[in-house]
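Analysis of the macromolecular model
This is what each chain is made of:
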Amino acid sequence: MTARERHDSKTTLEAAVCQEMVRQGLLHEHRSLHFRVHDEAESHAKFSPAIVARRGPILFLVEPVPTATRPMIDRLTRFLEQHSPEIVLVIVAPDPKVRTLPVGAYDEIYAESDIARMTQRIREQDPDGIVLPFEKPRPAG
């Protein structure tokens, strides 16, 4: 296996996303992009998305979130506020957690059981088209 074929996953959930992307033939990279996110204290937090899938100028940043922490949610929310609309931040979470994550922390969210659908959605994105709107799930009551 060459260096380009290696997929270093840090969590079981990331490995499941990677495996499905490979199965569907969706080229992707692991931790290949690095961003700085400003916080309220005017300092910078680093953010290196787990998986990057490029569809022309559109970047899908896929972040598997097995367990959400307040600092991570805050960083993702600030990232969305500060970066290009051609970046689509996608969260993959365990099924029971999907409706608990705040809608301001992602552009799209998929349950672990929907990894195949998420991968297909990214794969079918027209690189020259607009990113179709995503209906966010309603938070759990």
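Residues numbered from 1 in each chain as written. Predicted model: local features only at pLDDT ≥ 70, side-chain atom pairs only at ≥ 80, totals over all residues. Heavy atoms only, no water.

So, unusual backbone geometry
In most cases, non-glycine residues show a negative phi, while peptide bonds are predominantly trans. Phi at R31 takes a positive value of approximately 50°, unusual for a residue other than glycine. By the element assignment, R31 lies in the loop between β1 (29-30) and β2 (35-38). (Helix = DSSP H or I, 4+ residues; strand = E, 2+ residues; numbered from the N terminus.)

Considerations on helix α1 (residues 12-23)
The terminal C-alpha atoms of α1, which comprises 12 residues, lie 16 Å apart, in line with the 16 Å expected from a rise of 1.5 Å per residue. Buried residues along α1 sit against β1, β4 (51-55), β5 (58-64), β6 (87-93) and α3 (115-124). Backbone geometry just after α1 places G25 at a positive phi near 75°. (Expected span 1.5 Å × (residues − 1). Contact = heavy atoms within 4.5 Å.)

Observations regarding the nonpolar core
Formed by 22 residues in total, the largest nonpolar core has its most connected members in F35, F47, L61, L76, F79, I91 and L101. Secondary-structure elements contributing two or more residues to this core are β2, β5, α2 (70-82), β6 and β7 (108-111). Those residues in contact with F35 that sit more than four places away from it in its chain are A45, K46, F47, P49, L61, F79, H83 and I87. V62, V90, Y110 and I122 belong to the second-largest nonpolar core, a separate cluster that totals 17 residues. (Core = buried A, V, L, I, M, F, W, Y, C linked by side-chain atoms within 4.5 Å. Buried < 20%, exposed > 50% of the residue type's maximum accessible area, 1.4 Å probe, protein only.)

Considerations on the sheet that holds β6
Spatially, the five strands line up as an open sheet ordered β1-β4-β5-β6-β7, and their pairing is mixed. At either end of the open sheet lies a strand with only one pairing partner, and these are β1 and β7. Relative to β7, β6 runs parallel, the two sharing four bridges. Residue pairing across strands places V92 opposite Y110, the latter belonging to β7. (Pairing = 2+ DSSP bridges.)

What to know about the confidence of the model for the protein chain
Per-residue confidence for the protein chain gives a mean pLDDT of 88; residues scoring 70 or more make up 92%. Within the protein chain, strand β3 (residues 44-47) has the poorest average pLDDT of any element, 86, and α3 the best, 97. Scored below 50 in pLDDT, residues 1-5 shows one contact in the model against residues more than four places distant or in partner chains. (pLDDT = per-residue confidence, 0-100.)

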